[in-house]
Structures are given as structure tokens and as C-alpha cells.
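Chain by chain, the residues:
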Amino acid sequence: MSEQPPIPESTPQADDQLSDRKVVPILPILHKKLGERLSPTATRLVVTPAGEQSRFWRGIAAIWHKLISLSLVGAVAITLLPHAALAAQTPAPGAKDARVRTINYDPDQVVSVIGQFRHAIEIEFGPGETVTQAALGDTVSWQLAPVGNIVFLKPREKAAGTNLIVITNGAAGPRTYHFSLTLGSEATMFGIRFHYPEQERVQEAVRAQLATIQAAKAVESTVVASALDHAVIEGKRNMNYTFQGDSALQPSEISDNGEFTVLRYPGHADIPSIFAVDLDGTETIVPYDVREDFVVIHAVYRELRLRRGNTVLCIWNEAAPRNERGDRTGTVSNVVERKVKGQ
């Protein structure tokens, strides 16, 4: 018979080493946590026994287990990914000239500025901002000159890197900028301009809102104008008019609705002068406006007199005086009301 390999004797030191080794069931723990996350207690589904045996539910269960497995693999992969280290952000080269760079403002981000000996750099902040304070780490190797919303930087000698802190004030309030200043030739920078996505989104929203308001006002004006125009023809028409005089001046139609008198001259015919005749026979010229073939007089008279040179046409309103409008709106329309500002 073959001899059994000797079993090493247990020693207190070996026992301590074995006791220190702990098996951590990472996959079951992740599986449990992902399962709880994907199917929390408050949204758990309860399936009847008959439903569990159905083909539909078995298919759903298979998809569910695949999702759990994929989520588990994804969670493990994410935990193994390297985390990005903190670093200063370098402004992006411009579309027209790479030496003029742009960057979005972030108060929690350090901006990397790479200077060149005997070259100046212009840093431009937002419109309306004013530089109120600027702190330069190395005032010997770098020269600083703030003007309005611009800071001019120039390295005066070759030295190690330093930092710059700029505080501005403007319509959006105070802003703080952090810069890391170094010398190098790998990224030539003549100018750096800041953009403000949040502020631009707000301004765009304000512009859109103003455009909507203007469009609404335009629609309102159109509606009001349409309502006032419609007031000319709304209501019961009175067509009880008689004529005497030169028929060459006679309109093809004349009527009123108690507020407006409308005369029609088809084909853009010449319109005579129109006068209102008072009870004592005096004549007063009547203002009117023309809408295509129609002459609209903003009143109703008992007698009108039309004149062109020596020819005359008299028109009498034979209907009884009436006022069928119950609502007084201060305008010619029942749906458009005139109100005094501030009341």
C-alpha cells in the first residue's frame, strides 16, 4: 500500500494565519444589493401560482435574471475602472485661431494657463464684469494688469509654476476664478475667453419668453383689430334709407347697425364728400375710413348729404332711433373694453 502524505501538524502560528483569512462573498453581496435596488420592497410584484406556470411569466423571469446578471457584471466592471485624477482644465483652441482659446466658467475648476517668455496673455471675463481683486502667487516672475473685465498676464522670467486668483463683480454677482500658471511651448495661448452656459441658457429662456410675449401681444392686437372690424357688421342691420338728388353719387348699398353706417361703392369708385346735416340744416363734414369697397362712418345720422362739385345727393335714415347694445364698453365693440390705466 502506498503511504499517505504526512499531514502537517497544526501550530498556533498556523492557526492564527488561517483564522485571519476571511472569504468575502462579494458576488452574492452585489447580487443581493442589485436585486434589492432593481426590485425594492415597495414595488415588489406578487404573482399567483397559475401565473408562475404561464409561458409569459417564465419568459419575463428569464429576461429578469439576464438583467440582474448584466447589472452585476456592469457593477463589478465599474468598481474596477480607474478613477480620474483631479487636474486643471485647459482652455479649448478657438475655431479660427488655436492661440485664442475658450472655456466654460466653473467656480470649482482650476484653469490651466500656459505662458511663454516675452509673450502676453489676455484673459477676458464676462461682459459687464469688473475685476475687483487679483492675487498672484509669484509677483516677481509674472506681471499682472487688470483692466475692466480683462486681465493681462506676462511672464517676466523663467520660473516654477504658480497660481492666480481673480474675483470679479457684475450683474450676475461676484465670481471667483482660479488659474494655474506655468511656462511651456506645447500650448500657445494669446487669449482666453470665458463662456457662461448657465447664464446663456437663462438669457435664451428670457429671450424666448419675451418673443412669446411679443407674439402674444401681436395676436392680441390682431384679435382686437378683428373685433373692432367685426363691430362694423355685427348686430341687426337697418337698410331703411331713402335718396333724393344726383344718382351718380348714390352708393350701391347703405345700412347701419346702430353704431356704424356703411356705404358701398363697388370697383373703387370715386367717393364724394360726406356731410352730416343737423336739425338746423347746417352741414358738418363726416370723417370715415375705407375698407375695400366699403366706406365706414363711425356714427349713425338722420340725414347725410353727399357732394361732388355742384352735384348733391341727400340720404335720409327713415328708421326709428335705436340703441340695441346693452353693454357699454367704451369702444365700438361689445367684446373690446376700454379701461383707464391704473384703475
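Up top you'll find the structure we're talking about.
Residues numbered from 1 in each chain as written. Predicted model: local features only at pLDDT ≥ 70, side-chain atom pairs only at ≥ 80, totals over all residues. Heavy atoms only, no water.

Peer 1: I'm lost on the packing of aromatic side chains in this one. Help?
Peer 2: Aromatic ring pairs are reported here in terms of the distance separating the ring centres and the angle at which the planes meet. Taken as a whole, this structure holds eight aromatic pairs when the rule is applied. Residues Y105 and Y196 carry aromatic rings whose centres are separated by 5.6 Å and whose planes lie at 45° to one another, so their mutual orientation is tilted. Of this pair, Y105 sits in the loop between β2 (100–104) and β3 (110–115) while Y196 sits in the loop between β10 (191–195) and α5 (197–230), placing them 91 residues apart in sequence. On the numbers, 6.0 Å between centres and 80° between planes, the contact of F179 with F194 is edge-to-face. With F179 in strand β9 (residues 175–183) and F194 in strand β10, this pair connects stretches of sequence that are 15 residues apart. Considered together, F179 and F194 belong to a single accessibility category, that of buried residues. When the ring centre of Y105 is taken as reference, the NZ or CZ atom of R175 above it lies at 5.4 Å. (Phe/Tyr/Trp six-rings, centres within 6.5 Å; stacked < 30°, edge-to-face > 60°. Helix = DSSP H or I, 4+ residues; strand = E, 2+ residues; numbered from the N terminus. Buried < 20%, exposed > 50% of the residue type's maximum accessible area, 1.4 Å probe, protein only. Lys NZ or Arg CZ within 6 Å of the ring centre and 35° of its normal.)

Peer 1: Looking at this structure, how should I read the sheet that holds strand β12 (residues 253–256)?
Peer 2: The strands making up a sheet associate through backbone hydrogen bonding, with each pair oriented either parallel or antiparallel. The sheet built from four strands is open, its strands ordered β12-β13-β17-β16 with antiparallel pairing. Each edge of the open sheet carries a strand with a single partner, namely β12 and β16 (288–291). For this sheet the average axis-to-axis angle between neighbouring strands, irrespective of direction, equals 20°. Bridging between β12 and strand β13 (residues 261–264) involves four bridges; their strand directions are antiparallel. In the strand pairing of β13, S255 is matched with V262. (Pairing = 2+ DSSP bridges. Axes fitted to C-alpha atoms, helices over the stretch in contact; angles between N-to-C directions.)

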